[in-house]
Amino acid sequence: MPAPNPPVPDALPRHVAIIMDGNGRWAESRGLERSAGHRQGLETTRRAVRFYATRGIDTLSLFAFSSENWGRPSSEVEALFDLFVSAIEAELPELRERGVTLRFVGERAGFPGELRQRMQDAEDLTRDNGGMCLVIALGYGGRWDILQAARRWAEAGMPGDGDGEAVFGSFLATSGLPDVDLLIRTGGEQRISNFLLWQAAYAELLFLETYWPDVGDRELEHSLAWYGRRQRRFGRVRGPSEGAVAGVESSRA
Ligand code: FPP
């Protein structure tokens, strides 16, 4: 019997999604207000966008404000909205220079008018860019997404005989984007917290202890190296004799 070939790792994720957790604890551990943690977290966000765009990642999704975050004190919510407005304004020129396409997913009702306007303008100005797609989840929840998709799918007459999952997926807020390959959560908790539930069905899950504001190049490099060592199966058997299966997997990598 010839020795089996070594398993082929999946090299680069197409879609990286991040739950940027730990801003509040980062600030509290320094005796600062939680909003200082969010401001510092924005610095890490900037670094992460540059890092993944430079590495040729197709889609980067960031969980910036969940449906559940409406339950935070109004002062923190307002500080976050102010931060989002100024971040969009400050970052837009570089994002355009890098050819990044910006897309916001989530329920915008209840957001301040200025924020809604900035989101719309940023989407309009970057729509035709050919680089990385940067998805910012604001007012987002995975259950909200599945429910709004189900409503619109039903209104459309429940299309999709034969390829139901792909057709249903086209009603989700992330329509047209690849499934999540790598889902990272910082800050030490190990849960998905209602992020991209449908889209991350087969994602590799990487949990980091580091608070989001402390994430640097070392952690970002580690995320891709770690992913590169994963053996993805999509529920199937993987091995040297399952050439067809390996082909399916490598085409998804
Ligand atoms: C979770 O940390 C973080 C947030 C709810 C906000 C994330 C926002 C940013 C990093 C700014 C990014 C801005 C843009 C435009 C993408 P937490 O407050 O839950 O931290 P904790 O678990 O330590 O309390």
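Just above sits the structure.
Everything numeric in this text was worked out from a predicted model, so none of it was measured. (Residues numbered from 1 in each chain as written. Predicted model: local features only at pLDDT ≥ 70, side-chain atom pairs only at ≥ 80, totals over all residues. Heavy atoms only, no water.)

### Looking at helix H4 (residues 113-126)
Link 1 in the chain: Here H4 contains 14 residues, and its C-alpha end-to-end distance of 20 Å stays within 8% of the 20 Å for a straight helix at 1.5 Å per residue.
Link 2 in the chain: For H4, the set of buried residues is Leu115, Met119, Ala122, Glu123 and Thr126. The arc that holds the buried residues of H4, viewed along the axis, is 100°, so those residues lie on one side.
Link 3 in the chain: Against the buried residues of H4 lie helix H3 (74-97), strand E3 (101-105) and strand E4 (133-140). (Helix = DSSP H or I, 4+ residues; strand = E, 2+ residues; numbered from the N terminus. Expected span 1.5 Å × (residues − 1). Buried < 20%, exposed > 50% of the residue type's maximum accessible area, 1.4 Å probe, protein only. Arc of directions from axis to C-beta. Contact = heavy atoms within 4.5 Å.)

### Things to note about the packing of aromatic side chains
Link 1 in the chain: Within this structure, the stated rule accounts for 14 aromatic pairs.
Link 2 in the chain: Pairing phenylalanine 65 with tryptophan 70 gives two aromatic rings, centres 5.4 Å apart and planes at 90°, and the pair type is edge-to-face.
Link 3 in the chain: For phenylalanine 65, a relative accessible area of 0% corresponds to the buried category.
Link 4 in the chain: Ring centres of tyrosine 140 and tryptophan 144 lie 5.9 Å apart, and the angle between their planes is 75°; this geometry places the pair in the edge-to-face category.
Link 5 in the chain: Owing to a relative accessible area of 0%, tyrosine 140 belongs among the buried residues under this scheme. (Phe/Tyr/Trp six-rings, centres within 6.5 Å; stacked < 30°, edge-to-face > 60°.)

### Brief notes about the sheet that holds strand E1 (residues 15-19)
Consider a sheet: its strands pair through backbone hydrogen bonds, and that pairing is either parallel or antiparallel.
Link 1 in the chain: Read from one edge of the open sheet, 6 strands run E3-E4-E2-E1-E5-E6, paired in parallel fashion. At either margin of the open sheet sits one strand with a lone partner, and together these are E3 and strand E6 (204-207). Averaged over neighbouring strand pairs, the angle between their axes works out to 20° when direction is ignored.
Link 2 in the chain: Where strand E5 (residues 182-185) meets E6, 4 bridges bridge the pair, whose relative direction is parallel. Residue pairing for E6: leucine 183 is matched across the bridge by leucine 205.
Link 3 in the chain: Contacting E3 and E4, H4 crosses the sheet at an angle of about 145° to E3.
Link 4 in the chain: Where helix H7 (residues 217-228) meets the sheet, its contacts fall on E5 and E6, and the angle it forms with E6 comes to roughly 140°. (Pairing = 2+ DSSP bridges. Axes fitted to C-alpha atoms, helices over the stretch in contact; angles between N-to-C directions.)

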